[in-house]
Amino acid sequence: MLVFTALLVACGARAQTPAPTPTPAQPSAADYQLRWAVKIPLRDKVELNATLYLPRNSDGPTPRTPVIFTLTPYISDTYHARAAYFASHGYAFALVDVRGRGNSGGDFEPFANEARDGHDVVEWFAQQPFCDGKVTMWGGSYAGFDQWATAKEFPPHLATIVPVASAHQGVDFPFPNNVGATYDVQWLTLTSGRTVQNNLFGDPQFWRAKFLEAYKKQIPFKTLDTFIGNPSANFQRWIAHPSYDTYWQGMAPTREQYQKIGLPILSITGQYDGDELGALTYYWNHIANASPEARVNHFLIIGPWDHAGTRTPADDVGGVKFGPGALLDLNDLHRQWYDWTMKGKPKPEFLKDQVAYYLLPAGNSGANGEWKYAGSLEALSANPRAFFLDSNGGDANGVFRSGALTENKPKEGADSFTYDPLDTRRGENIESVEPDKQKAALDQQYALSIGENGLVYHTDPLPNETPLVGSPKLTLWVSIDTPDTDLSADLYEIQPDGTSIPLWSDVRRLRYRESISNEKLVKPGEIVRCDFAPGLFVARKLAKGSRLRLIVSSPNSIAFQKNYNSGGVVADETTQDARTAHVKIHHDAEHLSAMEVPLR
C-alpha cells in the first residue's frame, strides 16, 4: 500500500479532488447562453444554487434538450469548461453546488444528503421549459458517488448515469478498508466553509510537513484536525464510524436497489485511480444483482489513468508511461453516450463489448499500448496462477535476502517481521522529502528500506513476455502476539533492467479480516486467515525476464492512521497504548499463503 500512497500523494492521483479542465479547445461564448444563480428548491425548502449553460439557437427560442448536471462540493466555476463544451454540443448543462457549499443553502455534511437532493434536482430540471424530459448526470470522484446515490432513489426522469472514479463511502473513502488516512483532513480543509481552498489544499510542502510532525509526535488520530489547525465536526463524525456500519451503508444502494436499477450505465475508472476500489465495488454489486437486461446496458471502461486522468487523460503517471493510446477524448465519449441513450443516435463505436480495458505494453516506453475488450470483467480474472510464499529457513527480510513466490507448494515454514508503532524511521527517512513527480511511481526507496520490519518475495524471471490481465489476490496465514495490527501488501513488476513498476496494493486491519463491518480481535498465537482481495484490476504485459515482487509489511506511514496494536479504539490510541507486534506469515502444508495472479 505504501507505493500507491506515495504515488497518490506525489502525483495528485488521490480520491476526492476536482479534475483538471479538459484539454480540447473550448467553444467561444457565442456557442451557449448563461443563466447565473438559478435556485433549485428541495423537499425540505433548502435551495441549491446552479449555474446553467444552455445551447444557443440563433433562429429562435432556446431549444428543448436533455439536461446534464453535476452535483459538486468544489464550486460550480471549477467545471466551466465542461459545461461550455456540452452546451455547445446541444445539451443544457447545469453546475450545481451541493448543500452547504458555494451559493447553495443548508449545511455541508459530506455524502449525507446527495441521494435525496440529487433526486429532487433531477425532477426539478425535468419540469423546466428548456428540458425535453430527460435528465442525466456528469462527473467523477464525489460526483461519481452522487450519481449512484441519486440512482438508488429512482427519480422517474433520470435517463442514464456515467459514474466516473466513484468514491464508495466506508469502502475506499474516507478510510480504505477501515484504515484511517491523514489525507481526510486535507480534503475536509479543501471543502471547509463555502468556497474552495485550492491553494492551501494544493500546498504539498505544508501537508507533508504537518503529517510528518503529527507522525513524529505520535498524536492520537482523533486530534489530527485540531493539530492541523482546522477542527472539523465532519472529521469527528467520520472517526465515530470506524467500520462499515449503517452510517456508511446507507449512502450506497442496497441489494434490493441494485436489483431495480435498470437504466443505462457507463462506469469509468483507471488502474492508478485512487477510487478504483470504489468504482469497481459499485460495478460488481450492480452486475451481481441486476437483471440480465440491466447488465447488458452496463458498460465499463478501465483505462490506465490516475484519479484525475479518468476525466482528463494523460499519457503517464509518476514515470509509468501509458502511450498515446491512453489519450481518449472523454468529453467526446460522454457526448456520444448521451446521444445514444437520450437522442437515439448510434452507440459509441468505442464500446465494442461490455468491458473495455487498456493493456499496458511490456517495458516502460508506453509504445504499443492498446485497448482490449471482453464480455465480462469476471471472465478476465478466471483461472489465475497461484504463487506460494516460501523462504530459505525463514529468511525473507529484504530485497537482497528475499523469499520466493513459487508454484511449488511448500511443506513447512514461516517468516517473521516486527512492527513497532513507536519506530518513526520510515516516515522520517523515506517520506519526509517531497518526491519527484516525474519518477515517483518508479522509486524503490520503500522496497530497499525493508529489513526486520517487513518481508519481500520474488518469482523467478519470466521465460517469455506474459500478459497480466485481471485482479490479483493474496491470502496470508498470520499469527501475531498482539490483539490487532495493520498489514499492507504491494505487488510490483521488476523489469530486467531493474525498473520497478507498481501493479497492485492493498491494506488490511487484522481485526476486520472476516468483515469490514464487524471486528474480531486476534488471540495471541492464533493462526488466522487474512485475504487481500480488493478486486483491483491490472492489465499489463510483463516483459520477458521480469520478476514479480511482493512486499508484506505494516503501513507505518505519515499517510495512514497509526495502529498501536492494543486492540482498543485506534483513533483514541496514544503512545501509552503502544505494543510491538511480532508478525509471523505461515507457509506450511496446512497454511498455504499464496498470491493468485491472472497471468495469460
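In the block above lies the structure referred to throughout.
This section reports on the structure supplied with the text. (Residues numbered from 1 in each chain as written. Predicted model: local features only at pLDDT ≥ 70, side-chain atom pairs only at ≥ 80, totals over all residues. Heavy atoms only, no water.)

### Notes on the packing of helix α2 (residues 80-87) against helix α14 (residues 330-343)
Line of reasoning, step 1. At their nearest, the axes of α2 and α14 sit 11 Å apart, and the two run at 45 degrees to each other. In terms of orientation, α2 lies oblique with respect to α14. Classified by chirality, the crossing of α14 by α2 is right-handed. Residues Arg-82, Tyr-85 and Phe-86 of α2 pack against Asn-331, Asp-332, His-334, Arg-335 and Tyr-338 of α14.
Line of reasoning, step 2. Grouping the amino acids of the contact of α2 with α14 by side-chain chemistry returns three nonpolar, two polar and three charged. (Axes fitted to C-alpha atoms, helices over the stretch in contact; angles between N-to-C directions. Helix = DSSP H or I, 4+ residues; strand = E, 2+ residues; numbered from the N terminus. Parallel < 35°, antiparallel > 145°, perpendicular 65-115°, else oblique. Left-handed = near helix turned anticlockwise from the far one by under 90°. Contact = heavy atoms within 4.5 Å. Nonpolar A, V, L, I, M, F, W, Y, C, P; charged D, E, K, R; others polar.)

### A closer look at α14
An α-helical segment advances 3.6 residues per turn. Residues three or four places apart therefore align on the same side.
Line of reasoning, step 1. Between its first and last C-alpha, α14 extends 19 Å over 14 residues, near the 20 Å set by a 1.5 Å rise per residue.
Line of reasoning, step 2. Among the 14 residues in α14, ten count as buried, and that is most of the element.
Line of reasoning, step 3. Taken together, the buried positions of α14 are Leu-330, Asn-331, Leu-333, His-334, Arg-335, Trp-337, Tyr-338, Asp-339, Thr-341 and Met-342.
Line of reasoning, step 4. Backbone nitrogen of Asn-331 and a side-chain oxygen of the N-cap are separated by 3.3 Å at the start of α14; the cap is Asp-329.
Line of reasoning, step 5. In the stretch just after α14, Gly-344 is the one whose phi turns positive, near 75 degrees. (Expected span 1.5 Å × (residues − 1). Buried < 20%, exposed > 50% of the residue type's maximum accessible area, 1.4 Å probe, protein only. Polar contact = N/O pair within 3.5 Å; in protein donor to acceptor, adjacent residues only side chain to side chain.)

### Comments concerning the side chain of Thr-269
Line of reasoning, step 1. Among the structural elements, Thr-269 can be located in strand β7 (residues 265-272).
Line of reasoning, step 2. Given the relative accessible area of 1%, Thr-269 is considered buried.
Line of reasoning, step 3. Of note is the side chain of Thr-269, whose polar atom sits 2.8 Å from the side chain of Asp-273.
Line of reasoning, step 4. Contact partners of Thr-269, with chain neighbours within four places excluded, come to Asp-275, Glu-276, Ala-279, Leu-280, Ile-301, Ile-302, Gly-303, Trp-305 and Thr-310.

### Thoughts on the packing of aromatic side chains
Line of reasoning, step 1. All chains considered together, the criterion is met by 40 aromatic pairs.
Line of reasoning, step 2. Pairing Tyr-142 with Phe-145 gives two aromatic rings, centres 5.9 Å apart and planes at 85 degrees, and the pair type is edge-to-face. You can see Tyr-142 and its partner Phe-145 sitting in helix α4 (residues 142-151), three residues apart, about one turn around the helix. The burial state of Tyr-142 is the same as that of Phe-145; both residues are buried.
Line of reasoning, step 3. Seen from their ring centres, Trp-148 and Tyr-258 are 6.0 Å apart, and the 65 degrees between their planes marks the pair as edge-to-face. Taken as a pair, Trp-148 in helix α4 and Tyr-258 in helix α11 (residues 255-260) lie far apart in primary sequence, 110 residues in all. Grouping residues by exposure puts Trp-148 and Tyr-258 together as buried.
Line of reasoning, step 4. Ring pairs connect the aromatic residues Phe-108, Phe-111, Tyr-142, Phe-145, Phe-173, Phe-175, Trp-187, Trp-238, Tyr-247 and Trp-248, which therefore count as one cluster.
Line of reasoning, step 5. Between Lys-210 and the ring centre of Phe-227, over which it is positioned, the NZ or CZ distance is 4.7 Å.
Line of reasoning, step 6. If you follow Lys-343 out to its NZ or CZ, it ends over the ring of Tyr-91, 4.0 Å from the centre. (Phe/Tyr/Trp six-rings, centres within 6.5 Å; stacked < 30°, edge-to-face > 60°. Lys NZ or Arg CZ within 6 Å of the ring centre and 35° of its normal.)

### Quick word on the pairing of strand β13 (residues 385-390)
Consecutive side chains along a regular strand alternate between the two faces of the sheet.
Line of reasoning, step 1. Relative to strand β26 (residues 594-597), β13 runs antiparallel, the two sharing four bridges. For Ala-386, the partnering residue across the bridge sits in β26 and is Glu-596. (Pairing = 2+ DSSP bridges.)

### A look at the sheet that holds β7
Strand pairing in a sheet relies on backbone hydrogen bonds, with the paired strands running either antiparallel or parallel.
Line of reasoning, step 1. With mixed pairing, the four strands of this open sheet are ordered in space as β7-β8-β11-β12. Sheet topology places β7 and β12 (370-374) at the edges, where each strand pairs with a single neighbour. Between one strand axis and the next, the sheet turns through 25 degrees on average, direction left out of account.
Line of reasoning, step 2. Across the face of the sheet, helix α12 (residues 276-289) comes into contact with β7, β8 (298-306) and β11 (355-359) while running at roughly 140 degrees to β7.

### So, the environment of Asp-203
Line of reasoning, step 1. If you trace the backbone, Asp-203 turns up in the loop between α6 (198-201) and α7 (204-217).
Line of reasoning, step 2. Exposure remark for Asp-203: the relative accessible area of 28% places this residue in the partly exposed category.
Line of reasoning, step 3. Expressed as a C-alpha distance, the spacing of Asp-203 and Pro-55, which sit 148 residues apart in the sequence, is 38 Å.

### Considering the nonpolar core
Line of reasoning, step 1. Phe-69, Phe-125, Trp-187, Ile-301, Trp-504 and Leu-550 are the most contacted members of the largest nonpolar core, which has 147 residues in total.
Line of reasoning, step 2. Broken down by element, this core gets its largest block of residues, six residues, from helix α3 (residues 114-126).
Line of reasoning, step 3. Not counting residues up to four positions away in its chain, the partners in contact with Leu-550 are Leu-389, Leu-405, Leu-455, Val-456, Tyr-457, Leu-474, Ala-489, Asp-490, Leu-491 and Met-595.
Line of reasoning, step 4. Residues Ile-302, Leu-380, Val-469 and Phe-537 belong to the second largest nonpolar core, which totals 13 residues. (Core = buried A, V, L, I, M, F, W, Y, C linked by side-chain atoms within 4.5 Å.)

### Topic: α2
Line of reasoning, step 1. Where burial is concerned, most of α2 is hidden: seven out of the eight residues are buried.
Line of reasoning, step 2. Along α2, the residues that are buried comprise Ala-81, Arg-82, Ala-83, Ala-84, Tyr-85, Phe-86 and Ala-87.
Line of reasoning, step 3. Contact partners of the buried residues in α2: β1 (32-41), β2 (47-55), β3 (65-72), β4 (92-97) and α14.

### Looking at the side chain of Ser-557
Line of reasoning, step 1. Position of Ser-557 among the secondary structure elements: in the loop between β23 (547-553) and β24 (581-588).
Line of reasoning, step 2. Of the polar contacts made by the side chain of Ser-557, one reaches the backbone nitrogen of Ala-559; its length is 3.0 Å.

### Observations regarding unusual backbone geometry
Line of reasoning, step 1. The peptide bond linking Phe-173 to Pro-174 adopts the cis configuration, its omega dihedral lying at 5 degrees.
Line of reasoning, step 2. Mapped onto the elements, Pro-174 comes out in the loop between β6 (158-160) and α5 (183-190).
Line of reasoning, step 3. Its identity is not glycine, yet Lys-45 carries a phi of approximately 80 degrees, on the positive side.
Line of reasoning, step 4. Here Lys-45 shows up in the loop between β1 and β2.

### Describing the sheet that holds β1
Line of reasoning, step 1. Taken in spatial order, the six strands make up an open sheet running β1-β2-β4-β3-β5-β6, and their pairing is mixed. At either end of the open sheet lies a strand with only one pairing partner, and these are β1 and β6. Each strand axis lies, on average, 30 degrees off the axis of its neighbour in the sheet, ignoring direction.
Line of reasoning, step 2. Examined bridge by bridge, β3 and strand β5 (residues 131-137) share four bridges and lie parallel to one another.

### A few points about the environment of Ala-167
Line of reasoning, step 1. Inspection of the secondary structure assignment puts Ala-167 in the loop between β6 and α5.
Line of reasoning, step 2. As for Ala-167 and Lys-544, which are separated by 377 residues in sequence, their C-alpha atoms are 36 Å apart.

### Here's the deal with the pattern of salt bridges
Line of reasoning, step 1. A full pass over the atoms with the stated rule returns 23 salt bridges.
Line of reasoning, step 2. Taking the shortest distance from any N to any O, the salt bridge between Asp-332 and Arg-335 comes out at 2.6 Å. Of this pair, Asp-332 and Arg-335 are both found in helix α14, three residues apart, which corresponds to roughly one turn of the helix.
Line of reasoning, step 3. Among the residues examined, Asp-332 registers a relative accessible area of 22% and is labelled partly exposed.
Line of reasoning, step 4. A salt bridge links Arg-529 to Asp-531; the shortest N-O distance between them is 3.0 Å. (Salt bridge = Lys/Arg side-chain N within 4 Å of Asp/Glu carboxyl O.)

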